[in-house]
Amino acid sequence: MSQPTLFVSGSETGNLAVSSGLLHQSWNAIGSLYSEVNSQNQALRWRVVEESNQILIAFVTSPVWTRQHLQQEGDLVSLQTLKQENFSQFDFLIPSNNSSVSIHRAAITLFRSHVDELIKLIDKYYDSTPRKWSLKTPLVITGHALGGSIASLFTLLLLDFLNQISTEHTLLCVTFGSPLLGDTGLQQVISECERWKACFLHLVANKDYLPRLFMTHTNLPYKPFGTFLLCSESGSTCADDPSAVLELLKATGLESTNQASNGDLPLDYYGNRVKDLESRVKLEGNSRLRVSTVDPLLAGISLQLEIFGDDSMLQRQNQTGDLDNLIKKLKERETACWLKKRKEMNPKKKLNDVKVKMTYMGQYKMKYKTSDMGYYDIYKNMQFNVDIDIARYKKFLEIYWKDIVEKAEKIPYKVMARIRTGHLYAGTNYRRMVEPLDIAEFYRESGRRDYEKNGRSKHYILLEKWVQDDPDRDGTATNPPSDEKKKKIAGMLTEDSCFWAKVEEAIISCKLLKDATSSDQEKQSSMEYLKWFEEYVMKQINNYAVSPEIFLEQSSFMNTWWEEFQQVMGPAHSSPIFEFMKNGRYRQYKNGCY
């Protein structure tokens, strides 16, 4: 009878690989390569198989070399260390927050010794003159054991290359019985890039010790990434949640590698598992484990363990009660994974919600455009019911953008460059519209000072940095304002989203200068700040970078700072901004001329 297959999660990639014959083709390429490997002298070998519908690149390593180096070099090496050793090919994997990413030393050492040849292999399909990827057919990268680790590294290098030339291409990496490749940092980097994560499919047999080697023999923090197709003589199951994969690998591991004579499985073992997968049928029947069938998810997980697990191990865990705990733990992981996918299932809906909230924000701002007080001061005073609604909308937008920025920090910085460009306009508009309200909340409490140092959220800082670092930035901040910009000034947002924080600090400085109890040092620093603020404001005005609403009669800028500033400086004071305000030229600012 055909063997059953159960897919709990990650089923799309698993089903595609099985139904398309991809696993069979990949394993055939690996098998033919093994017949050519010199087990004593040739550490790594690869082959390119060009077919009409795809191109396949297979990697294998000498079984002797693999066994020795996996046992001797199970430690991890960080990308920062490799960079110091003048090997920077994988620097693109370092997240923008510079957190550590580490890779299996034996794999990266072997890859490094062949890196020039492997780069030439990529260049074979690249036309440098029009900077175009010449390959039209899908590309499959595959490998067995340590060769699978090399295949994964080659795939990552290729993904970075395709990202640099902004090319989308069908790419899949299929490994058989490969050891885990890296630590939590590597897992997070790949998992945060959904397109990258979907490129990896790892076939693991329940009798193969290599995929579990670093979990059982060391305390090193190796972590899985991608989709895992777990198989045995009884069938197969698929999972793509890293924590669930780790639990399954641990729970179904062999008690001793002696059960697999020297740790080596016959080469045709994976070939037979591939044949089983291709002849699979739908799973039927009830689990032999003590699990309620009322809960379909629990029943599915129990069948998953029954298929992939070892009978003696399952019986022992069943008797001790460990099995129930394991099943519940896996259920929690599957539920969390499902809820996460459901939450992210309709990004268009979430984006639409964001647009709706931003529309409310825009309407709130426009509502007070013709009044004596702008939306910054209205919100700071918090006098109306609508202000409470705006605070709720602001919180929704804050959660959304913090999530965007947090995810961007975890992914490779080259990938983040493309993501941040996509969010550049929306993020800038959000920051300029909403951050003034955070500033209002900060200074609503008396005695608080220096918002930019003590109150500004990290996501605002990074959203602003994205604009400054953008290579396509139009240079409006440094170039003279265009006539078009002057015409549109009435509807523009203030470009410096921290403008009102600077106004509040200027107001505090004025008060300190008037306060007889202020120390000489406080008065000196306050006077220095006010001189700086004069130059800053005039520069913003000359660049048409501030909204005309700052000149509303009851705004903090006009009614508080300007009034206080005149008293502090006296009528004899002279400066560009002082003359601009005194002569009433600000009244023409909204018309694009003054």
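What comes next is a walk through the structure. These figures come from a predicted structure and were not determined experimentally.

Considering the pattern of salt bridges
Following the criterion strictly, the structure yields 21 salt bridges and no others. A salt bridge links Glu-441 to Lys-394, with the nearest nitrogen and oxygen atoms 3.5 Å apart. On the criterion of sequence distance, the pair formed by Glu-441 in helix α20 (residues 424-444) and Lys-394 in helix α18 (residues 385-410) is long-range, its members being 47 residues apart. Under the relative-accessibility criterion, Lys-394 is labelled buried at 5%.

What to know about unusual backbone geometry
The phi dihedral of Asn-86 falls on the positive side, at around 65°, and the residue is not glycine. Summarising the element assignment, Asn-86 is placed in the loop between α4 (79-84) and β5 (102-104). Using a relative accessible area of 72% as the deciding quantity, one classes Asn-86 as exposed. Positive phi, close to 45°, is recorded for Met-382, a residue that is not glycine. Structurally, Met-382 is set in the loop between α17 (375-381) and α18. Met-382 gets classed as partly exposed once you look at its relative accessible area, which sits at 28%.

A look at the pairing of strand β2 (residues 44-50)
Pairing between β2 and strand β3 (residues 55-61): 7 bridges, direction antiparallel. Bridging across to β3, Val-48 finds its partner in Ile-57. The turn linking β2 back onto β3 is made up of 4 residues.

Quick word on empty space enclosed by the protein
The tally for this structure, following the rule as stated, stands at 3 cavities of 30 Å³ or more. In this structure, the largest cavity encloses a volume near 110 Å³. Together, 14 residues line the largest cavity, and Ser-178, Pro-179, Leu-180, Leu-181 and His-202 are the ones closest to its centre. For the lining of the largest cavity, the secondary-structure elements that each account for two or more residues are α7 (146-164) and β10 (200-205). The leading source of residues in the lining of the largest cavity is α7, at 3 residues. Among the residues forming the lining of the largest cavity, the class breakdown is 7 nonpolar, 6 polar and 1 charged.

Focus: the environment of Glu-50
Inspection of the secondary structure assignment puts Glu-50 in strand β2. Spatially, the C-alpha atoms of Glu-50 and Thr-137 are 9.6 Å apart, while their sequence positions differ by 87 residues. Every residue in contact with Glu-50, bar those within four places of it in the chain, is listed here: Ile-55, Lys-124 and Tyr-125. Separated by 3.5 Å, the side chains of Glu-50 and Lys-124 make a polar contact. Of note is the side chain of Glu-50, whose polar atom sits 3.2 Å from the side chain of Tyr-125.

Observations concerning the nonpolar core
Grouped together as the largest cluster of nonpolar side chains are 66 residues, with contacts concentrated most on Ile-541, Phe-551, Phe-557, Trp-561 and Met-581. If one sorts the elements of this core by residue count, α20 sits on top with 9 residues. Not counting the four nearest positions on each side in its chain, Phe-551 is found in contact with Ile-541, Phe-557, Met-558, Phe-580, Met-581, Tyr-586 and Tyr-589. Counting residues in hydrophobic clusters, the runner-up holds 53 residues, among them Val-77, Ile-108, Ile-165 and Leu-181.

Side note on the pairing of strand β11 (residues 227-232)
Most of β11 sits inside the fold, with 6 of its 6 residues counted as buried. As paired strands, β10 and β11 are joined by 5 bridges and run parallel to one another. Along β11, the bridge assignment pairs His-202 with Phe-228.

The rules behind the values
- Residues numbered from 1 in each chain as written.
- Predicted model: local features only at pLDDT ≥ 70, side-chain atom pairs only at ≥ 80, totals over all residues.
- Heavy atoms only, no water.
- Salt bridge = Lys/Arg side-chain N within 4 Å of Asp/Glu carboxyl O.
- Helix = DSSP H or I, 4+ residues; strand = E, 2+ residues; numbered from the N terminus.
- Buried < 20%, exposed > 50% of the residue type's maximum accessible area, 1.4 Å probe, protein only.
- Pairing = 2+ DSSP bridges.
- 1 Å grid on protein atoms, 1.4 Å probe; cavity = no way out; pocket = protein on both sides within 12 Å on 5 of 7 lines; lining within 4 Å.
- Points joined across faces, edges and corners; volume = space filled by probe spheres on them.
- Nonpolar A, V, L, I, M, F, W, Y, C, P; charged D, E, K, R; others polar.
- Contact = heavy atoms within 4.5 Å.
- Polar contact = N/O pair within 3.5 Å; in protein donor to acceptor, adjacent residues only side chain to side chain.
- Core = buried A, V, L, I, M, F, W, Y, C linked by side-chain atoms within 4.5 Å.

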